[in-house]
Amino acid sequence: MLFRSICRAVDGLALGIELAAAQAAVSSAAQLLDRVEADGLGALAGERRQRGMVETIASSYELLDPLERFVLHHVAVFSGGCTLDALHAVTQASSGIDRDALTISEAVDSLVRKSLVTPTRTAGSVRYTMLETIRAYALRALDLEAPAVDGRDGGVVARDAHAGHFADQVVEHWERWDGPAFHEVSNWLVVEFTNLREAFEWSRSRGRIEVAVDLAAHADRKSTRLNSSHLVISYAVFCLKKK
């Protein structure tokens, strides 16, 4: 059990596991886990190991074609994973290019085969996630490489598309709260909690008050878990009235 925890703590990356194993000769499994969790990757190998992990990810990234990179960037925009439908919607809104769902699905499948994206099957559906080290790399690549759209940075466009998608979705789900779909909607709020919070915080930081209000007023009213107080909602509504 301890060794499984160590593997999770180093994101399951072969390089991280190998370097952790090298320390096993002088540390117990419990001591190793404490060090990994307390100090992260730097406590075991410092900058050399960090560079090695980044180089490993970079090598895989360099082999991706433009569509695979585009999809990887957008999977990274999600916090806590995404469904294929959500990913397709956000890529459409972000790029303005009419790519069908099959094209996006094939690119995701390719990323899964290359161990850059991980599928998780729950309750009859599939969500796609990525290790945090890979996500951080992909987000940096998004900000550096994504082309500008209408004068806005590509990274901003992608995050705006993510926030807009969840603002639309939370309103749609809210309208189905009182009815036979109650449990489905409730579960959706729990599963998408981190995406809703990230979308809210991004919209608030960008001054996109209408989007922030939709996210806060609907999700927070139902789940009471979104990191937004009634004071924030009231301020947002006040800003809207001032326009």
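Presented here is a report on the structure given in the accompanying data block. (Residues numbered from 1 in each chain as written. Predicted model: local features only at pLDDT ≥ 70, side-chain atom pairs only at ≥ 80, totals over all residues. Heavy atoms only, no water.)

Attention now goes to the layout of surface pockets. The calculated volume of the largest pocket comes to roughly 410 Å³. What lines the largest pocket is a set of 16 residues, among which T83, S125, R127, W188 and E192 lie closest to the centre. Looking at the lining of the largest pocket, the elements with two or more residues in it are helix 6 (84-95), strand 2 (125-129), helix 9 (154-175) and helix 10 (182-191). Within the lining of the largest pocket, the residues separate by chemical class into 5 nonpolar, 7 polar and 4 charged. Of the pockets and cavities examined, the second largest pocket occupies roughly 270 Å³. Considering the residues around the second largest pocket, the lining is formed by 18 residues, among which F70, H73, H74, A146 and P147 are closest to the centre. At the level of secondary structure, the elements contributing two or more residues to the lining of the second largest pocket comprise helix 5 (66-77), helix 6, helix 8 (132-145) and helix 9. (1 Å grid on protein atoms, 1.4 Å probe; cavity = no way out; pocket = protein on both sides within 12 Å on 5 of 7 lines; lining within 4 Å. Points joined across faces, edges and corners; volume = space filled by probe spheres on them. Helix = DSSP H or I, 4+ residues; strand = E, 2+ residues; numbered from the N terminus. Nonpolar A, V, L, I, M, F, W, Y, C, P; charged D, E, K, R; others polar.)

Quick look at the environment of G96 now. Examined against the element boundaries, G96 turns out to sit in the loop between helix 6 and helix 7 (101-113). A sequence separation of 53 residues divides G96 from V149, and the C-alpha atoms of the two residues are 9.3 Å apart.

The next thing to look at is the packing of helix 6 against helix 7. Direction vectors running N to C along helix 6 and helix 7 enclose 115 degrees, while the axes themselves pass 10 Å from each other. By the angle between their directions, the pair helix 6 and helix 7 is classed as roughly perpendicular. As for the relative orientation of helix 6 and helix 7, their crossing is right-handed in sense. Along the contact surface, helix 6 presents L84, L87, H88 and T91, while helix 7 presents A101, I104, S105 and V108. Here the contact of helix 6 with helix 7 is composed, by residue class, of 5 nonpolar, 3 polar and no charged. (Axes fitted to C-alpha atoms, helices over the stretch in contact; angles between N-to-C directions. Parallel < 35°, antiparallel > 145°, perpendicular 65-115°, else oblique. Left-handed = near helix turned anticlockwise from the far one by under 90°. Contact = heavy atoms within 4.5 Å.)

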